[in-house]
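# Close look at the chain arrangement
Chain residues, written in single-letter form:
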Amino acid sequence: MKDFINKITHSNISYTLRHDLCTGCGICQSACPANAISIIVKQGRFIPQVDETKCNNDKGCHRCSDVCPGLGVDLHRIAEESFTDAEIKTDRLVGRYLKCFTGHSNDYDIRYHCASGGMVSQFLIFLLEKNYIDGAVVTAFDPENELLVRSYIAHNREEVLRARSSKYAPVSLHGMAQAIKQESGTRYVIVGLPCHIQGFRKLAEIDRKLREKVAGYFAIYCSSGRTFYLTEHIFKEHGICKEDLTYFAYRDEGCLGSLVARQRRGIRVRSNSETTLYDKDEVYKERYQSYYHPLRSFFIPRRCLFCIDHYGELGDVCFGDIHIEPYKQDTIGVNSLIVRQREWLERLMEAKGEGYITLNEIPVETLNRSQMMAYKKKGRNARFIALNKMLGRKVPVYDEALPKHTGMKTALDYTQNRIQQFLGGHKGLWWLVKIIRDTIFKR
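Bear in mind the structure is a predicted one, so any value in this text is a computation, not a measurement.

## Brief notes about helix α10 (residues 194-206)
- With 13 residues, α10 ought to run about 18 Å at 1.5 Å a step, and its terminal C-alpha atoms sit 19 Å apart, in line with that.
- Counting buried positions along α10 gives 11 out of 13 residues, so the element sits mostly inside the fold.
- Looking only at α10, the buried set comprises Pro194, Cys195, His196, Ile197, Gln198, Gly199, Phe200, Arg201, Lys202, Leu203 and Ala204.

Below is the structure:
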C-alpha cells in the first residue's frame, strides 16, 4: 500500500479529486501542516480545496494523500496490528472481532428516539459519566447550520443526545483532529463511518499526539454515503422549508423509525422589534423505509460504489441495525454491535451490569444474515473496482484479494448505478427521479 501511495503522491489531495475518489471525510484538512486545505461544499458533497500557494507538496510533504481513505487502506494490516487479543476471530465480512451482540439502551427515551436502540448514545454517556473518556467526536443535525450538519466534541449527556439518530447526509470530520489535540483531556473516542475511521487510523500512524489522545474508534455500519441533494430533494417534495426548521431527524420514534421534520408555521405576527413570530409548529412524518428506500440509489457518490468495508473493520466497536426476525418485531429499537478490543468489551459488560444497557451475544452468522450490504460490498463493489481497473480508471487499493475479471452483469449493474447517480446529481432531472421511483415502487 505504501508503495502505491509513494507512486501517486507526487501530487497532493488534488489527485484524489481529479479521479473522483474523494469520500468527503475531511481528514486531509486535519493532516495538512501548512493549513493549505479547506473543506467546501460542491455538488452536494464535502470536498477539499487546496491553496497551492501554501501547499508544501513540492517539498515532499504529501501528508494529505498519505491519510486519504479514498485512495484505499490496508484493512488487514491495520486490523492485525490493532486487534491482537488471544481470542480474536476472523470473518470474511466482519474482519477481526471478539464478540457480536444485540443490545439497546435501558433508557426508554434514548432507545426510542436514537438510532435503532440508542446503543451508541447510551454507551458514550456511560463512558463520560464514569470518566473513562473526556469526550467523543459526534455529528448532529443543526437547524442553525446552512448544511444542517455539524461535527463537534461532546463532553456530557446533553451534548451526546444532541447528536442522536442517523444522518443520511455527508459528514465531514475536518477540524476534529486539531480540536482533540487542543483539548486538555487525554482520552477521546471518534464516532464515524468506515471511511472516517480509516482516515483517522491512517492519520494516527503519522501523528503521535493524536494517536496518544484517541482512546477508541466507534464505527457505524454504512451501506453507502449520500449527498446533500437527498435532503434537498426530500425537502422540495414535501414542502419543508429549511429556514423554518426547529427539529429534523431522518430516523426518530422507534426501530428504523420515521423522518420527522418540525417547522414553524401558522400566522406570522410582527412584534414591536420587527421580529417574525409564529403561532404554532407543523410536524411532518414519514416512515423511514417509505421515503428512503426508493431514493437511496440516486444520491450516492461514485466513490461509495468502490467501498468494500460495510461494518467499519478498523473500529474498536461497531454499531448498526439488525432488522431480521425475531428482532424486527421490536418496534422500540434494537442494535447489533461488533467488539474488537478487550477494553471496550469490559466497558460494555460494566455498562450492562450497572443497568445502562441490555446486551445479548449472537453468532457472527446471525449478524451477517442481517446485513445484505456487507455481501454486496465484498462482492459487487469489489467487482466494480475490477471493472474500472480494466477500463484504465484509477480505483482505491486495498490489501485484500479482489476479483481480476468481471462479466456483463457487473457492467450492466455499474452502468445502472451510474445513470441513477447522474440523475440524482442534476437537479433539472429530478422529475425523472420521481417518475422512475413512482413507477418501480408504485407510489
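## Quick word on the environment of Asp438
- Relative to the helices and strands, Asp438 resides in helix α18 (residues 430-441).
- Here Asp438 falls in the buried class, since its relative accessible area comes to 18%.
- Asp438 sits 144 residues away from Pro294 along the chain, and the two C-alpha atoms are 8.3 Å apart.
- A distance of 2.9 Å separates a polar atom in the side chain of Asp438 from a polar atom in the side chain of Arg437.

## So, the sheet that holds strand β14 (residues 317-320)
- Taking strand neighbours across the sheet as the criterion, the 8 strands line up as β8-β7-β9-β10-β14-β15-β6-β16 in an open arrangement whose pairing is mixed. The sheet terminates laterally at β8 (149-154) and β16 (357-362), the two strands that pair on one side only. Strand after strand, the sheet turns through a mean of 25° between neighbouring axes, direction not considered.
- Two elements, strand β6 (residues 99-105) and strand β15 (residues 335-339), share 5 bridges in a ladder whose sense is antiparallel. Considered in β15, the bridge of Lys99 is made with Val339.

## Some words on empty space enclosed by the protein
- The final tally for this structure, using the stated rule, is 4 cavities of 30 Å³ or more.
- In this model, the largest cavity occupies a volume close to 110 Å³.
- Surrounding the largest cavity, 19 residues form its lining, Cys22, Gly24, Cys25, Gly26 and Cys28 being those nearest its centre.
- When contributions to the lining of the largest cavity are tallied by element, the ones reaching two or more residues are α3 (27-31) and β2 (45-50).
- Here the lining of the largest cavity takes 3 residues from β2, the largest share from any one element.
- Residues belonging to the lining of the largest cavity are distributed by class as follows: 13 nonpolar, 6 polar and no charged.
- Along its surface, the second largest cavity is lined by 14 residues, and Cys32, Cys55, Asn56, Cys61 and Cys64 are the ones closest to its centre.
- In terms of residue class, the lining of the second largest cavity is built from 9 nonpolar, 4 polar and 1 charged.

So, how was this worked out
- Position numbers for residues count from 1 along each chain, tracking the sequence in the order it is written.
- Under the rules for a predicted model, residues below a pLDDT of 70 receive no local features and side-chain atom pairs below 80 are neither given nor counted, while totals for whole chains, interfaces and linings still include all residues.
- Derived side-chain values reflect all non-hydrogen atoms in the structure, with water molecules and hydrogen atoms excluded from consideration.
- In DSSP terms, a helix is any run of H or I states spanning at least four residues, a strand is any run of E spanning at least two, and both are numbered starting from the N terminus.
- To estimate how far a helix should reach, multiply one less than its number of residues by 1.5 Å.
- Using a 1.4 Å probe on the protein chains alone, a residue whose accessible area is under 20% of its type maximum counts as buried, one over 50% counts as exposed, and one in between counts as partly exposed.
- We define a polar contact as two N or O atoms separated by no more than 3.5 Å, with the added condition that, inside protein, one atom must be a possible hydrogen donor and the other a possible acceptor, whereas residues neighbouring each other in sequence contribute only through side-chain atom pairs.
- A pair of strands is considered paired only if DSSP assigns at least 2 bridges between the two.
- Here, axes are lines fitted to C-alpha atoms. For helices the fit covers the stretch in contact, and angles between N-to-C directions go from 0 to 180 degrees.
- Put simply, the grid is 1 Å and covers the protein atoms alone, a cavity is a trapped set of points that fit a 1.4 Å probe, a pocket is an open set with protein on both sides within 12 Å along at least five of seven lines, and lining residues have an atom within 4 Å of a point.
- Grid points are joined across faces, edges and corners, and a volume is the space filled by probe spheres set on the points.
- Gly falls in the polar group here, along with every residue not listed as nonpolar (Ala, Val, Leu, Ile, Met, Phe, Trp, Tyr, Cys, Pro) or charged (Asp, Glu, Lys, Arg).

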